[in-house]
Amino acid sequence: MAYSNQLLDHYNNPRNVGSLDKMDDQVGTGLVGAPACGDVMKLQIRVNDDGVIEDAKFKTFGCGSAIASSSLATQWLKGKNLSEAENLKNTDIANHLALPPVKIHCSILAEDAIKAAIADYKQKQSQKTTAETPAA
Amino acid sequence: MNNIYTLPTAAPRQRPIYMDYQATTPCDPRVVEAMIPWFTEKFGNPHSRNHEYGWEAEEATLIAREQIAALIGAEAKDIIFTSGATESNNLAIKGVATFYKGKKNHIVTCVTEHKCVLDACRHLEEEGFKVTYLPVMPNGLIDLDLLAQSLTDQTAIVSIMAVNNEIGVIQPLAEIGKLCRERGVFFHTDAAQAAGKIPMDVEAMNIDLLSISGHKIYGPKGIGALYVRRRNPRVRLSAIIHGGGQERGMRSGTLPTPLCVGLGEACRLAKTEMTEENTRLTSYRDLFLSLLSDALTDLHINGDKQSRIPSNLNISFAFVEGESLMMSIKDLAVSSGSACTSASLEPSYVLRALGVEEELAHTSLRIGFGRFTTEEEVRQAAASLIAAVTKLRAMSPLWEMVKEEGIDLRTIQWTGH
């Protein structure tokens, strides 16, 4: 299968591979996909007190397109605030990497991973608020 | 351990190391040499009876038949030339089923057969035949008791491949043949991956029909053969291709003399060199495996460990997806065990039939060694694979969960899509 140079660049030199401390309150973790389907993405964001994503990391089990999609996603997430991050679309990823039609699901998975990481972060924040508020 | 290996930087334009000998093989230069005169000065139609051009071409095809027959313990007259193993398999299964249609209507085959066998059987089902698709055991071999139970007085033919193209396991041919002979059922075997690789004897193994492919045994593409037993018992079949009545009426069409000569020479070389070649390939296979297992954990070899040809390995590299692994080993030409490069996202039907878990089936590669493989290539391939697997495991969330966090992946609620 012929892949674009952008895709090959992200596959051969993946950005932001690694893990953040998932117990950290400032870190949101998204884990999407399934081993039996052939792709699993773990995407993590660290959000600072201003609500800006200051770091993003990923680990992906999957094909080259899945790895490139998650690499690109982490690159784009850095420096964005949460509402900007929530607006990242799978089609942007698919277009940038020129994903072939059979690989579009990889970009959808990356969008799911972003949403899952943000949701995890928000849940942690709301739990923290609840925990800090003395029970009535 | 992780730092010893780095990805070898291939020189620009250097072709990848060929390790896909189950897909096809290069034509042996000695085969090409034998073929060349038959394209040019000796161009006659082997079916021309009236002049020297025809006679010499016919004699060449006769010698080729003898060479092919010698490889499988048959006689020259038993050999039918075809365009390849796909045609041979179609002719054997459809031909026998159709010829004996009035008396018998049942076919037995196996779920891990090549697609051309399975599709020919599906076609016959549409025509009203009954087909039993035998499962395989986790080692990829059929259960002989199940085979015995599946045979009825309506069974016309059993078609079981000799060597599997994906996992390299050798089916118990002699036992299958004995059973079929006792029950009066014809035994066809697709020997595309077996002829010239393992000793085959149609008498000792009670094989009634046997398919051969030219390009799997260092011969040319576009030629194959079908052995059809002429006596004890005589096998009859209905032709698929009609015309001038060549090949005892079973396969019309002018014989391609150069291709026939090439297949014959390929069979002759395979017979002469089989023992020596298998010894060499076994040592390469063992070297390759020991290099891999010294550096990597969690490798799974698919298919039986003993009953297999030395030139094939199908390995699951747990926690690393097959297609991305292939992208990381650009200096190697291998085949992905998973069909993930297609839209289906489904792993190989052969591995699934073995009961290989889907997540492992997604991590499989088929590696094939052959006549022109060198020890240096084996070492480079191992180094390249080790580097790629190590790199991809370092970025695999599954590896992290299992190896660093001790999580059982089966306890996770996955969001399949």
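Within any chain, residue numbers begin from 1 and follow the written order of that chain's sequence. Naming scheme: in the order in which they are written, chains are lettered from A and ligands are numbered from 1. Owing to the predicted nature of the model, reporting of local features is limited to residues with pLDDT of at least 70; listing and counting of side-chain atom pairs is limited to 80 or more, with chain, interface and lining totals taken over all residues. Working from all heavy atoms in the structure, the side-chain values ignore hydrogens and water.

### A word on the overall build of chain B
Runs of H or I in DSSP of at least four residues are treated as helices and runs of E of at least two as strands, each being numbered from the N terminus. Counting its secondary structure elements, chain B contains 12 helices and 13 strands. We compute the radius of gyration over the C-alpha atoms and compare it with the globule rule, which gives 2.2 Å times the number of residues raised to the power 0.38. Expected size for 417 residues packed as a compact globule is a radius of gyration near 22 Å; at 23 Å, chain B falls within 12% of this value. The principal-axis extents of the C-alpha atoms in chain B amount to approximately 75 × 50 × 35 Å. Residue burial is assigned from relative accessible area. The probe radius is 1.4 Å, only protein chains are included, and a residue is buried under 20% of its type maximum, exposed over 50%, and partly exposed in between. A total of 417 residues make up chain B; the buried ones form 56% of that total. Long-range contacts, defined as pairs at least 24 residues apart, comprise 73% of the intrachain contacts of chain B with a sequence gap of at least 6. Charge assignment: positive for Lys and Arg, negative for Asp and Glu; neither His nor the chain ends contribute. Where a charge lies is defined by one atom per residue type: Lys uses NZ, Arg uses CZ, Asp uses CG and Glu uses CD. Averaging the positions of the 42 positive and the 50 negative side-chain charges in chain B gives two centres separated by 6 Å. Note on contacts: a residue pair qualifies if any of its non-hydrogen atoms lie within 4.5 Å across the two residues.

### As for the confidence of the model for chain B
All names here are of chain B. Here chain B shows a mean pLDDT of 93. Residues at 70 or above account for 94%. Across residues 338-344 the pLDDT falls below 50, and counting only partners more than four positions away or on other chains, this stretch makes 18 contacts in the model. This complex was scored by the predictor with a pTM of 0.90 and an ipTM of 0.91. Confidence scores per residue from the predictor, reported as pLDDT, run from 0 to 100.

### What to know about the pattern of salt bridges
All names here are of chain B. Counted as salt bridges are all cases of a side-chain nitrogen of Lys or Arg within 4 Å of a carboxyl oxygen of Asp or Glu. Applying the stated rule across the entire model yields 32 salt bridges over all chains. Residue Asp208 is joined to Arg181 by a salt bridge in which the shortest nitrogen-to-oxygen separation is 2.8 Å. Within this pair, whereas Asp208 is found in the loop between strand S6 (186-190) and strand S7 (209-213), its partner Arg181 is found in helix H6 (residues 173-183), the two being separated by 27 residues in sequence. What makes Asp208 buried here is its relative accessible area of 1%. The network of salt bridges with shared partners includes Asp28, Arg30, Glu273, Glu277 and Arg371.

### Here we look at the sheet that holds strand S10 (residues 312-317) of chain B
Residues and elements named next belong to chain B. Note on pairing: two strands pair once DSSP finds at least 2 bridges between them. Across the sheet, four strands lie side by side as S9-S10-S13-S12; this open sheet has antiparallel pairing. Both outer strands of the open sheet, strand S9 (299-301) and strand S12 (335-336), are each paired with one neighbouring strand and no more. Bridge count between S9 and S10: three bridges; the pairing is antiparallel. Bridge pairing in S10 places Ile301 opposite Ile315. Note on geometry: axes are lines fitted to C-alpha atoms, helical ones only across the stretch in contact, with angles between N-to-C directions running from 0 to 180 degrees. Against the sheet, helix H11 (residues 375-394) touches S9, S10 and strand S13 (364-368), its axis set at about 20° to S10.

### Thoughts on the nonpolar core
Residues and elements named next belong to chain B. In plain words, nonpolar cores are sets of buried Ala, Val, Leu, Ile, Met, Phe, Trp, Tyr and Cys residues tied together by side-chain atoms within 4.5 Å. Core analysis: the largest hydrophobic core is formed by 69 residues, its most contacted members being Ile72, Leu147, Val158, Met200, Leu210, Ile212 and Leu263. If one sorts the elements of this core by residue count, helix H7 (residues 257-295) sits on top with eight residues. In this view, Leu263 contacts Ile68, Phe81, Ile212, Gly214, Ile217, Pro220, Ile223, Gly224 and Ala225; residues no more than four positions away in its chain are not counted.

### Quick notes on the interface of chain B and chain A
Accessible area lost when the parts come together is the quantity often used to give the size of an interface. Every contact between the two is made by 32 residues of chain B and, on the other side, 33 residues of chain A. Buried area is a sum: the accessible area each of two parts loses on coming together, probed at 1.4 Å, counted once for each and added. Of the roughly 2600 Å² buried between chain B and chain A, counting both surfaces, carbon and sulfur atoms make up 64%. Seen at the junction of chain B and chain A, the total is four salt bridges. We note a salt bridge from B:Glu400 to A:Lys59, for which the minimum N-O separation is 3.2 Å. Polar contact is the term for a pair of N or O atoms within 3.5 Å; when the atoms are in protein, one must be able to donate a hydrogen and the other to accept it, and sequence-neighboring residues count only if both atoms are side-chain atoms. The interface formed by chain B and chain A contains 13 residue pairs in polar contact (both at pLDDT 80 or more).

### Overview of the pairing of strand S1 (residues 27-34) of chain A
Residue and element names in this part refer to chain A. The element S1 is largely enclosed, with a buried count of seven among its eight residues. Direction of pairing for S1 relative to strand S2 (residues 39-47): antiparallel, over a ladder of eight bridges. Paired with Gly33 across the bridge in S2 is Val40. Where S1 folds back on S2, the antiparallel hairpin that results is connected by four residues, among which Gly38 adopts a positive phi of roughly 90°.

### Details of the environment of B:Tyr349
All names here are of chain B. In this fold, Tyr349 is placed in helix H9 (residues 349-353). Looking at Tyr349, the relative accessible area reads 22%, which means it is partly exposed. Here the alpha-carbon distance between Tyr349 and Ala361, two residues 12 residues apart in the chain, equals 9.4 Å. Those residues in contact with Tyr349 that sit more than four places away from it in its chain are Val111, Thr112, Glu113, His114, Lys115 and Leu118. Among the polar contacts listed, one links the side chain of Tyr349 to the backbone oxygen of Glu113, at a separation of 2.8 Å.

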